[in-house]
Amino acid sequence: METKSTFRRLLGYAYRYKLTYLILGITMIVGVSLDLVIAWYLNQITNAAVGANSSAWPFLIGAGAVILVFTVINGYVDIYFKTRVSSKIRNDIRLGTLEKLLCLPAEYYRKNHSGELLSRLTSDNQAIGQACSETLITLIRNPLLALLSFIYLLTLNWKLALICIFIGPVTMLIGGLFGKMLRRNSNELQNAIAEMTSRIQEIIGSSFVFKSFGLEGKLLQIFRGKSNEVSRVEIHGGKIVASVTGAATGIGILAFIVTFITGGYFVARGDMAVGGLIAFIQLMNHLTWPFTGLASLWGDLQQAIGAADRIFKVLDEKAEYHSIPESLESKPGFQSMELRQITFGYDRDRPVLHEISLTVEAGRTIAIVGPSGGGKSTLFGLLLGLSRPQQGEIFMNGREVRDMELHELRNYFSVVPQENCLYSGTIRDNIADGKRGATEEEIIRAAADANAIEFIRQLPEGLETEVGEGGSNLSVGQRQRIAIARALLRNAPVLLLDEATSSLDNESERLVQEALSRLKSERTVIVIAHRLSTIRQADQIFVMDQGRVIDQGTHEELMASGGLYEKLHHGLAV
Ligand SMILES: Nc1ncnc2c1ncn2[C@@H]1O[C@H](COP(=O)(O)OP(=O)(O)OP(=O)(O)O)[C@@H](O)[C@H]1O
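Residues numbered from 1 in each chain as written. Predicted model: local features only at pLDDT ≥ 70, side-chain atom pairs only at ≥ 80, totals over all residues. Heavy atoms only, no water.

Colleague: What am I meant to see in the overall build of the protein chain here?
Modeller: Tallying secondary structure elements over the protein chain gives 19 helices and 10 strands in all. Taking 2.2 N^0.38 as the reference for a compact globule, 574 residues should give roughly 25 Å; the C-alpha atoms of the protein chain span a radius of gyration of 35 Å, well beyond that estimate. Taken along the three principal axes of its C-alpha coordinates, the protein chain extends 115 × 50 × 50 Å. Out of the 574 residues in the protein chain, the part that is buried amounts to 46%. Partitioning the intrachain contacts of the protein chain with sequence separation of at least 6 by distance along the chain shows that 77% fall at a separation of at least 24. Here the protein chain displays about 29,000 Å² of accessible surface, and carbon together with sulfur accounts for 58% of that area. (Helix = DSSP H or I, 4+ residues; strand = E, 2+ residues; numbered from the N terminus. Rg over C-alpha atoms; globule rule 2.2 N^0.38 Å. Buried < 20%, exposed > 50% of the residue type's maximum accessible area, 1.4 Å probe, protein only. Contact = heavy atoms within 4.5 Å. Areas by Shrake-Rupley, 256 points an atom, 1.4 Å probe, with all protein chains shown as cover.)

Colleague: Even after reading the chapter, I still don't get the nonpolar core, so can you show me in this structure?
Modeller: One recurring pattern in soluble globular proteins is that nonpolar side chains are buried together. Residues Ile427, Ile431, Ile456 and Ile535 are the most contacted members of the largest nonpolar core, which totals 39 residues. Looking at this core, the element that brings in the most residues is helix α16 (residues 476-490), giving seven residues. If we ignore the near neighbours within four places in the chain, the residues touching Ile431 are Ile443, Ala446, Ala447, Ile456, Leu463, Ile482, Ala485, Arg486 and Leu489. In terms of nonpolar packing, the next biggest core, distinct from the first, is built from 29 residues, Phe344, Ile366, Leu379 and Leu384 among them. (Core = buried A, V, L, I, M, F, W, Y, C linked by side-chain atoms within 4.5 Å.)

Colleague: Sorry if this is basic, but what is going on with the UniProt feature "transmembrane region" (unreviewed entry) in the protein chain here?
Modeller: UniProt annotation of "transmembrane region" (unreviewed entry) refers to residues 21-42, 57-81, 136-154, 160-179 and 240-268 when read in the numbering used here. In residues 57-81, helix accounts for 100% and strand for 0%; the two terminal C-alpha atoms are 36 Å from one another. (UniProt positions renumbered as here; feature names shortened; annotations may be inferred.)

Colleague: Is there a simple way to explain the packing of aromatic side chains in this structure?
Modeller: Each aromatic ring pair is specified by the distance between its two centres and by the angle formed by the two planes. Going through the model one piece at a time under the given rule, you end up with nine aromatic pairs. Seen in terms of ring centroids, Trp40 and Phe59 are 6.2 Å apart; in terms of plane orientation they differ by 85°. Their pairing is edge-to-face. With Trp40 in helix α2 (residues 18-50) and Phe59 in helix α3 (residues 57-103), this pair connects stretches of sequence that are 19 residues apart. The class for Trp40 is partly exposed, based on a relative accessible area of 29%. Plain terms: the ring middles of Tyr80 and Phe81 are 4.9 Å apart, the flat faces sit at 80° to each other, and that makes the pair edge-to-face. Each residue in the set Tyr76, Tyr80 and Phe81 is aromatic and connected to the rest through ring pairs, giving one cluster. Sitting over the face of the ring of Phe312, Arg9 holds its NZ or CZ atom 4.2 Å from the ring centroid. Lys18 extends its terminal NZ or CZ atom over the ring of Tyr15, reaching a point 4.6 Å from the ring centre. (Phe/Tyr/Trp six-rings, centres within 6.5 Å; stacked < 30°, edge-to-face > 60°. Lys NZ or Arg CZ within 6 Å of the ring centre and 35° of its normal.)

Colleague: Any chance you could explain the sheet that holds strand β3 (residues 365-369) here in plain terms?
Modeller: Strands pair in a sheet through their backbones, by hydrogen bonds, and they do so in one of two ways: parallel or antiparallel. One open sheet accounts for six strands, arranged β6-β7-β8-β3-β9-β10; its pairing is mixed. Both outer strands of the open sheet, β6 (413-416) and β10 (548-553), are each paired with one neighbouring strand and no more. This sheet shows a mean twist of 20° between the axes of neighbouring strands, independent of strand direction. Two strands pair when backbone bridges link them, and strand β9 (residues 540-545) and β10 are joined in this way by five bridges, in the antiparallel orientation. Note on β10: the bridge partner recorded for Val543 is Asp551. Along the sheet, helix α11 (residues 376-383) contacts β3, β6, β7 (494-498), β8 (524-528) and β9; its crossing angle with β8, the most-contacted strand, is approximately 145°. (Pairing = 2+ DSSP bridges. Axes fitted to C-alpha atoms, helices over the stretch in contact; angles between N-to-C directions.)

Spelled out as structure tokens, the structure:
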């Protein structure tokens, strides 16, 4: 992406807060004026001291007090509004980024590292906030201050002023030179941090496994590699910043020495008053620092543009839908769903489903069974429109689903996934996710039908119990029953049930199965069955192997045919 257009886009966010920027424009002008006034003040006070002009003191004290008051008030207003605008812009971009992420297709999540996506919302977002306030304002303020200081310098001693002007172009050259290096370093650092963050997420979420398998040493070793890489890139960045700062400081001091030596010479010759020299040195600071500071500011801006590039890349991704939908409403009126010759691969040239055809009629229970990796979950993804088939068509009530809004399609389904994904919040929140505006009575009834109400009542906080990250405060069986309650409340006509493979104890299993049979009644059910015992009653069973439907029929028919189903039944007998 072009730096210019990225910058223009960033300005678009800033434009929303034009009033705040107007205030910051005023504080900037007042700040610049105060810097010049202080040089003038030093000039006055030194000349009064050298000329033994004691009558000037009341005026000088008064002027000092005014300068002090203005400086304090202006400083407060300036910092407050800079923080405010930076925070607001960061918030806008953060919300926009998450909104976009929520609208992106499942494929995007498959292809992008979660740590990278996390960095878009954290460190990249932070870098942009800084750029839109302090960096942006300073980039305008510094050249303005330098220009006005130079004009003032000309009035003090034009010859000296012209001698000192060489600094500007030299420092700008340095800024330009190092800016590109800083930006490259920033990109490299972001990638390294993203990889490290992903690792942290993975490690933190797996304490049960790494502790039971004694993987601490291995994980630390892997993490050390990622962490060392971050450190290496940071140190390299430090080298670049140190070079910029060193060069800039050198130029600043050179300018100072030249001014002092030349100015001192002018004073000695009587061409300049001592107060003038003092004011000159003060103004030289304003002339050199804006330029020397420009180098590192430029670096900051480059880093922010790098961060903005990455964020805008997410914002420009093709979304599944253009705005966050209202929470899904179940849609009555399901008649049938038909898959015709569906072929699909996560990589286009490596299909994992081959020419799948099946029909699901209203009110029937369809079971999909088969060995692991056969494509059962992938098929669910296609039904829900999470992936699009590369060949073939899917019809819902006779309508091609390509012609339907994704929300409309998904409104036909209630899903109980294998991993019973709950969100941080209370049990009530999680059940209520099934239906917008669910009443207390409906929530309790759903919990009761899901065989969850008893354990909920035994919890000290009842429905208000926090489930923890991903439901980690609850047992697997309890999580499943909450997920079933959520699906019951949703009350969509088609239930997609991916049976959990995790084995529950007998009592828990009984409670879950009982809850599921309530959920299944009066609905169309498509179930991925891991326990063949639970699907004997299914109207139609599809046996999938290596992405193909290799057999179909009722339990009895499939047992009689002596194919894979019969083998699974005897061999796995789950
Ligand atoms: N996100 C993905 N990217 C690439 N390939 C994938 C992805 N998810 C699954 N696959 C592949 O697709 C094939 C079918 O996987 P799928 O998860 O649909 O099988 P399954 O029958 O549901 O297995 P299980 O019973 O173990 O859950 C497998 O070969 C798997 O490796």
